[in-house]
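# Working through the structure, step by step
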Amino acid sequence: MATERILLTGATGYVGGTFIDRFVKSEDPTIKAITIDALTRTDDVEQKLKEAYGDRINTIRWPGLSDLEFIEKTAANYDIVVNVGSGFFAEGAKAFVKGLARRVKPKAPAPWILHISGCTNLGDKPLTGVAHPGRVFDDANSRATYDWCKEEDEKTPYPQRTTEIGVLTLADELGVNAVSLNTPAIFGEGTGLFNKQGIIIPVLMRYVVMKGYGFKLNDTANFDWVHVEDLADAYILLVKLILERYDRGIGYIPSGKDGILHPSVGRVLQTEILERCLDACFADGVLPREDTPKEKTIVLKGLQEIADDVTAGMLDMAESGWAGNKAMTGTVLPRLGWKPRHREESWAKDFHDELKASKEGRRGYTFDSCVGRKE
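Calculation criteria
Residues numbered from 1 in each chain as written. Predicted model: local features only at pLDDT ≥ 70, side-chain atom pairs only at ≥ 80, totals over all residues. Heavy atoms only, no water. Pairing = 2+ DSSP bridges. Helix = DSSP H or I, 4+ residues; strand = E, 2+ residues; numbered from the N terminus. Contact = heavy atoms within 4.5 Å. Axes fitted to C-alpha atoms, helices over the stretch in contact; angles between N-to-C directions. Salt bridge = Lys/Arg side-chain N within 4 Å of Asp/Glu carboxyl O. Buried < 20%, exposed > 50% of the residue type's maximum accessible area, 1.4 Å probe, protein only. Phe/Tyr/Trp six-rings, centres within 6.5 Å; stacked < 30°, edge-to-face > 60°. Lys NZ or Arg CZ within 6 Å of the ring centre and 35° of its normal.

Per an unreviewed UniProt entry, the protein chain goes by the name NAD-dependent epimerase/dehydratase domain-containing protein and belongs to Cercophora samala.

Quick look at the structure:
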């Protein structure tokens, strides 16, 4: 086996931290033989990683995604880059591809980048543009997804989508293998050392706790979902296949413009997510309060208000995320051997777990501040 190390971004993140933890603790012989070289920025992070994972983790100090020369030079030393940090910085992500391209040689297996992206890339614009209420993106026909995203991004650039399309396009041009896991809503407690929370359920739970009610922009917005451990396992599976197969996964794992895969396990309407948040809060006694509705309530809101309250004023993200149809079907990863363990029971339980984490102060804000109490 030629590859003994893989390069990882996002070591302190929700997905990246969970990937490290599950990778290092895996009993699979192929995985146990591999060391992770993790890009890090501080002494504290490096110390904690070494204390927890020993010699299975090496750390490389880096300045971040803005130093393109450093990224290219570093990536040129690896056959596999797992890029599960931010998916919003196109030039930084493409620099990994350019670095990997330095390893492309005639009659030798090309290196791989395993990228992360997200479902808001796929959202329609039912409030300000064109609605596609019945559309479902299927990774069995990933080229159609790529073509739609590329065309849409040329009309209305969106940083996460620009990055995903940029990585896959450049990889094809330079002879690098690239796959992007276009993730749905990711839930569950992360198992890494640092950030342990997702986005969708924590954001919506915080909104419900603060306001005393849920919100909607329409009745059709939806999310597919996957547990963070199962998502990490999907990346680990891809690494394992690349290392073990005689063809290094080339032609077996879809790549480049055919490489948008959907690690989807279930699907719900956004209103159902808010209903579950309300159910958890009412069952726990957090709601109702004197200044909130006495019944479980979901209020129709305007796009600008929700953008300001929930997505830092970003209208495009607010519409795609909180109003858009983002339905996806993932058949490729199960065909490759992915077996997600967390299904409906875990999804339902997570709402109560999230409320508990919020009350215990494990979400970067105090519960008292959410409900208007003085600290």
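Let's pick the thread back up.
## Some details on the sheet that holds strand 4 (residues 80–83)
Taken together, the seven strands give an open sheet; going across it, the order is 3-2-1-4-5-7-11, and neighbouring strands pair in parallel fashion. The open sheet is flanked by strand 3 (57–61) and strand 11 (260–261), the only strands paired with a single partner. Of the strand pairs in this sheet, strand 5 (residues 112–118) and strand 7 (residues 177–183) are connected by seven bridges, and their pairing is parallel. Counterpart to Ser117 in the pairing with strand 7 is Asn182. In the packing of helix 3 (residues 43–53) onto the sheet, contacts are made with strand 2 (35–40) and strand 3, and the angle to strand 3 comes to roughly 170 degrees.

## Notes on the pattern of salt bridges
This structure, assessed with the given rule, holds 34 salt bridges. Arg5 serves as the salt-bridge partner of Asp37, at 3.5 Å between the closest nitrogen and oxygen. Linking Asp37 in strand 2 with Arg5 in strand 1 (residues 5–9), this pair joins segments that are 32 residues apart in sequence. With relative accessibility at 39%, the residue Arg5 sits in the partly exposed group. Salt-bridge contacts for Arg102 lead to Glu72; the nearest nitrogen and oxygen are separated by 3.2 Å. Here Glu72 lies in helix 4 (residues 68–75) and Arg102 lies in the loop between helix 5 (90–101) and strand 5, a separation of 30 residues in the sequence. Classification of Arg102 as partly exposed rests on a relative accessible area of 49%. Since its relative accessible area comes to 19%, Glu72 is described here as buried.

## A short note on the packing of aromatic side chains
The description of two aromatic rings rests on the distance between their centres and on the angle between their planes. Overall, the coordinates contain twelve aromatic pairs when judged by the stated rule. Here Tyr207 and Tyr213 contribute two aromatic rings whose centre-to-centre distance is 6.1 Å and whose plane-to-plane angle is 80 degrees, an arrangement assigned as edge-to-face. Residue Tyr213 is classed as buried on the basis of its relative accessible area of 15%. Grouped by ring-pair contacts, the aromatic residues Tyr207, Tyr213, Phe215, Phe223 and Trp322 constitute a single cluster. Seen from the ring of Tyr252, Arg245 lies directly overhead, with NZ or CZ sitting 3.6 Å from the centre. Positioned above the aromatic ring of Phe223 is the side chain of Lys326, whose terminal nitrogen or guanidinium carbon lies 4.1 Å from the ring centre.

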